[in-house]
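# Geometric and topological summary
Here are the chains, one letter per residue:
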Amino acid sequence: MNAGLDFLQRLALLVWLAVLLLFLSSLTAFFFASRRVRLDITVSWYRHRPLGRTTLRPLLLTVAVAIVCALLVQISPLETPTMRIALVLVGAGVTWVSFDWSWKQLTAWVNHQAEENLAWRDRTHSAVEELRRQFNAGIARQTACRLLHEVLGAHHVYFYTRSADSFTLSAAVPSAPESDVSFSRASLLRQELTNGHTYRCLRVMEPNGQSRRIWSKGMPARLEAEQSLLASVEAHLVVPVQDGAALPGLIILGPRQGGEGYSCEHLHFAEAIARQLVSTTAVAELAHAAMAEATASAAVDAARQAARTTRTHLTPPDRFELPDLDFAAEYWMGDNPGGAFYDIVSVPNRAAAFFLAEVPGPDEEAAVRLVQLQALLRTRARAYTEDLAELLESTQRALGASAVGRPPVGLFCARYVAGSGKLQYLNAGVYPPLLIRRTSEGAEITRLACGGPPIGVGPEGPRQVGEVEIHSGDLVAISSAGLAQAPGPECEVWGEPRYIDTVQSWESQRARDIAHLTLHSVHEFTGKNMLAPPRLLIILRPN
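Reference entry: report on the structure contained in this document. Keep in mind the model is a prediction, meaning the values are calculated, not measured.

### Description of the sheet that holds strand β13 (residues 442–447)
Across the sheet, which stays open at both edges, the 5 strands sit in the order β7-β17-β16-β12-β13 with antiparallel pairing between neighbours. Each of the sheet's edge strands pairs with one partner strand only, and the pair in question is β7 (325–332) and β13. Averaged over all neighbouring strand pairs, the angle between strand axes comes to 20°, with direction disregarded. Of the strand pairs in this sheet, strand β12 (residues 434–439) and strand β16 (residues 475–479) are connected by 3 bridges, and their pairing is antiparallel. When the sheet's bridge partners are listed, L435 is paired in β16 with V476.

See the structure below:
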């Protein structure tokens, strides 16, 4: 009996050993079947540190084998030592093969996920770069919709921009929805999108695309109404466009064309597009403002240049002399041409006519009006040499319809006949010229304001011509308003007191020097500001 039992035990042991040998042979063949053994022998004078190898896999394999072996030992206490050793060896082999297969599957899945993540990272980077190159806010929104449509395979993409009290459609791909839908800024949708510090995409449909998702804990009636509103545009995903704590817009994506739901990678891509869209829009708005400013500046520069060119057509003042009157004029013009001009015309009977005009309005238009005005004044200066009022009325009639709707023109006219000692003048709305006379009590200032309103302010009555006597030692200073009102660096104007003191300080000089030195003093006072208004000065100095 005992001999039979010993035989059966030996037979079982032989069977287990045969199975183990077969298993080990199969395992060895499986391991070396797709591998080549390569032996490299390298001799070097330098000691190199061998490449590090990960210890995670062997460690996990050892732990798994140890656990399986321990379990097999625990569940076979009644078996003979030989049988238990056989069980341990078989369990260790099976565990090794199972672990190796599982490890390879896990490694392949991880590598696949890494490749997918890298591919989505490249897609996102390419899309963001394309969006970054846009410098028009409207085109940027359309581009964002197109990228979401093409990359995610969305059936349609709608962009809604925040307005006064709602979000309204501003871009759509491939076409706008049939129904005109807008979303209130007080809606549950906005509240849900703006929860948290970082706004995330909101799924409004279940992944199967057949049932609505309960995406808010708000009032059921309001939620149902907004769900119906979203369903009217076939919304499956809503992407918030976050700008700090504000929500300037939202993007609605329809179902995917293949019928699948949106994955996490799709959500991350959409959020990246939304983030870049905020930056692109801000840059586009700044670029638009800068371009508008540059365009306006270029238009102003072009108008100024045209005004300067037009002013070259002004006829230079006549060059002549009167025996008892020293006169001169000077004009300072910075970067702004302005609408002031002067003219001195020789008229019959040894007389001189002096004109100073100020034409408000755009530089180019003012320059054209100045050329026209000078031509009219010169032709009428000789025709109405003894009647300044009629000269002015005739000039106003000649301007006629061209002055309608335009700013009025300020004009000062004066006439001096050699040997008369009298200056006739008519002031039609310009800064009053000053007659500065030395007396025993000091300087006496007379303002030559007689005349009437500027040309173009109607209805106009008869104009009054003034007359003053001028003697040796007197000075008549005829200037534009920009002279006394010239601004200093600290926003202080030069002012009439400085104007009078400066002219008086140079009264012993020739008229030409007085005009030049006065304008130079004003230029120094303004800190040589080239943006200051033009300045004009005519000096009359009886001999």
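### Some details on the pairing of strand β6 (residues 246–253)
Regular strands place their side chains on alternate faces of the sheet. Counting buried positions over the 8 residues of β6 gives 6, a clear majority of the element. Pairing of strand β1 (residues 157–162) with β6 involves 5 bridges; the strand directions are antiparallel. Bridge pairing in β6 links V157 to L253. Looking at chain direction, strand β5 (residues 237–243) and β6 are connected through 6 bridges and run antiparallel.

### Digging into empty space enclosed by the protein
Evaluated as defined, the whole model comprises 2 cavities of 30 Å³ or more. Here the largest cavity defines a volume of roughly 50 Å³. Lining of the largest cavity is provided by V359, R369, Q372, L373, L399, S402, A403, R406 and V409. Of all the elements, helix α8 (residues 363–383) adds the most residues to the lining of the largest cavity, at 3 residues. Among the residues forming the lining of the largest cavity, the class breakdown is 5 nonpolar, 2 polar and 2 charged. Within this model, the second largest cavity holds a volume of roughly 40 Å³. For the second largest cavity, the full set of lining residues is V204, M205, R212, W215, Q227, L230, A231 and A235. Class assignment of the residues belonging to the lining of the second largest cavity gives a composition of 6 nonpolar, 1 polar and 1 charged.

### Looking at the pattern of salt bridges
Where charged atoms from two side chains of opposite charge approach closely, those side chains can pair. Scanning the model with the defined rule gives 19 salt bridges in all. Taking the shortest distance from any N to any O, the salt bridge between E390 and R397 comes out at 3.1 Å. Taking relative accessible area as the criterion, E390 reaches 27% and is therefore assigned partly exposed. Overlapping salt bridges bring together D318, D343, R378 and R382 as one network.

### Describing the sheet that holds β6
Taken in spatial order, the 6 strands make up an open sheet running β3-β2-β1-β6-β5-β4, and their pairing is antiparallel. Unpaired on one side and paired on the other, β3 (183–184) and β4 (202–203) mark the two borders of the sheet. Relative to strand β2 (residues 166–173), β1 runs antiparallel, the two sharing 6 bridges. Each residue of the ladder has a partner; that of T161, found in β2, is T168. Its contacts with the sheet place helix α7 (residues 264–311) against β1, β4 and β5, and it is angled at close to 35° to β5.

### Observations regarding the packing of aromatic side chains
On inspection of all chains with the given rule, the structure shows 7 aromatic pairs. Aromatic pair F412 and Y425: ring centres 6.0 Å apart, planes at 20°, arrangement stacked. Here F412, found in strand β10 (residues 410–417), pairs with Y425, found in strand β11 (residues 422–428); they are 13 residues apart in sequence, far enough to count as distant. Considered together, F412 and Y425 belong to a single accessibility category, that of buried residues. Taken together through their ring pairs, the aromatic side chains of F320, F327 and F354 make up a single cluster. In this structure, R123 is placed above the aromatic ring of W120, and the distance from its NZ or CZ to the ring centre is 4.5 Å. For R535, the ring lying beneath its charged end belongs to W332, and the centroid distance is 3.8 Å.

### Concerning the environment of A270
Take A270: it is sitting in helix α7. With 123 residues separating them along the chain, A270 and L147 place their C-alpha atoms 9.2 Å apart. With residues up to four places along the chain from it excluded, the contact list for A270 reads L148, L152, C201 and V239.

### Considerations on the pairing of β5
With 5 of its 7 residues buried, β5 lies for the most part within the structure. Counting the residues between successive antiparallel strands, the hairpin from β5 to β6 contains 2 residues, one of them, G244, with a positive phi of roughly 70°.

### Notes on helix α9 (residues 388–399)
The end-to-end C-alpha separation of α9 is 17 Å, in line with the 16 Å expected for 12 residues at 1.5 Å each. For α9, the set of buried residues is L388, A389, L391, L392, S394, T395 and L399. For α9, the elements touching its buried residues are β9 (351–358), α8, β10 and β11. With a side-chain oxygen lying 3.3 Å from the backbone nitrogen of A389, the N-terminal cap of α9 falls on D387. Just downstream of α9, G400 is the residue with a positive phi angle, here 45°.

### Structural notes on the packing of helix α11 (residues 495–505) against helix α12 (residues 511–525)
Packing of α11 against α12 leaves a shortest axis separation of 9 Å and a crossing angle of 140°. Here α11 lies oblique to α12, going by the angle between them. As for how α11 packs across α12, the hand of that crossing is right-handed. Residues R498, T502 and V503 of α11 form the contact with α12, whose participating residues are I514, T518, S521 and F525.

### Points about helix α2 (residues 56–75)
Here α2 spans 29 Å end to end across 20 residues, near enough to the 28 Å set by a 1.5 Å rise per residue. Buried residues of α2: L61, V65, C69 and L72, and no others. Down the axis of α2, the smallest arc covering the buried residues is 60°, so these residues share one side. In this structure, α2 carries L59, L71, Q74 and I75 as exposed residues pointing more than 90 degrees from its buried face. Looking at the packing, one finds that the buried side of α2 touches α3 (81–132).

### Structural notes on the layout of surface pockets
Think of a ball as big as a water molecule: rolled over the atoms, this probe shows where empty space is left. Put simply, the largest pocket is a space of about 500 Å³. Counting only elements with at least two residues in the lining of the largest pocket, the list comes to β7 and β8 (340–347). Top contributing element to the lining of the largest pocket by residue count: β7, with 6 residues.

Criteria and cut-off values
- Every chain is numbered independently, its residues counted from 1 as its sequence is written.
- Residues qualify for local features only when their pLDDT is at least 70, as the model is predicted, and side-chain atom pairs are given and counted only at 80 or more; totals for whole chains, interfaces and linings, by contrast, use all residues.
- Neither water nor hydrogens contribute to the side-chain values; these are computed over all heavy atoms in the structure.
- Strands are labelled as partners when DSSP assigns at least two bridges between them.
- Strands here mean DSSP runs of E at least two residues long; helices mean DSSP runs of H or I at least four residues long; both are numbered from the N terminus.
- To get an axis, a line is fitted to the C-alpha atoms, and for a helix only the part in contact is used. The angle between two axes follows their N-to-C directions and goes from 0 to 180 degrees.
- Residue burial is assigned from relative accessible area. The probe radius is 1.4 Å, only protein chains are included, and a residue is buried under 20% of its type maximum, exposed over 50%, and partly exposed in between.
- Cavity means a closed set of points on a 1 Å grid over the protein atoms alone, one where a 1.4 Å probe fits but cannot get out, pocket means an open set with protein on both sides within 12 Å along at least 5 of 7 lines, and lining means a residue has an atom within 4 Å of a point.
- Grid points are joined across faces, edges and corners, and a volume is the space filled by probe spheres set on the points.
- Residues are grouped as follows: Ala, Val, Leu, Ile, Met, Phe, Trp, Tyr, Cys and Pro are nonpolar; Asp, Glu, Lys and Arg are charged; every other residue, Gly included, is polar.
- The working definition used for a salt bridge is a side-chain nitrogen of Lys or Arg within 4 Å of a carboxyl oxygen of Asp or Glu.
- Residues count as neighbours in contact if any of their non-hydrogen atoms are within 4.5 Å of one another.
- Ring pairs shown here join Phe, Tyr and Trp side chains whose ring centres sit within 6.5 Å, with only the six-membered ring taken for Trp; geometry is labelled stacked below 30 degrees between planes, edge-to-face above 60, and tilted in between.
- Distance and angle both matter: a charge sits over a ring if NZ of Lys or CZ of Arg is within 6 Å of the ring centre and within 35 degrees of the ring normal.
- Helix span is expected to be 1.5 Å times the residue number reduced by one.
- Think of a polar contact as two N or O atoms within 3.5 Å of one another; within protein, one of them needs to be a possible hydrogen donor and the other a possible acceptor, and neighboring residues in sequence only count if both atoms come from side chains.
- An angle below 35 degrees is treated as roughly parallel, one above 145 as roughly antiparallel, one from 65 to 115 as roughly perpendicular, and anything else as oblique.
- In this scheme the handedness of a crossing depends on how the near helix is turned from the far one: anticlockwise by less than a right angle means left-handed, clockwise means right-handed.
- To be clear, the arc concerns the directions from the helix axis to the C-beta atoms.

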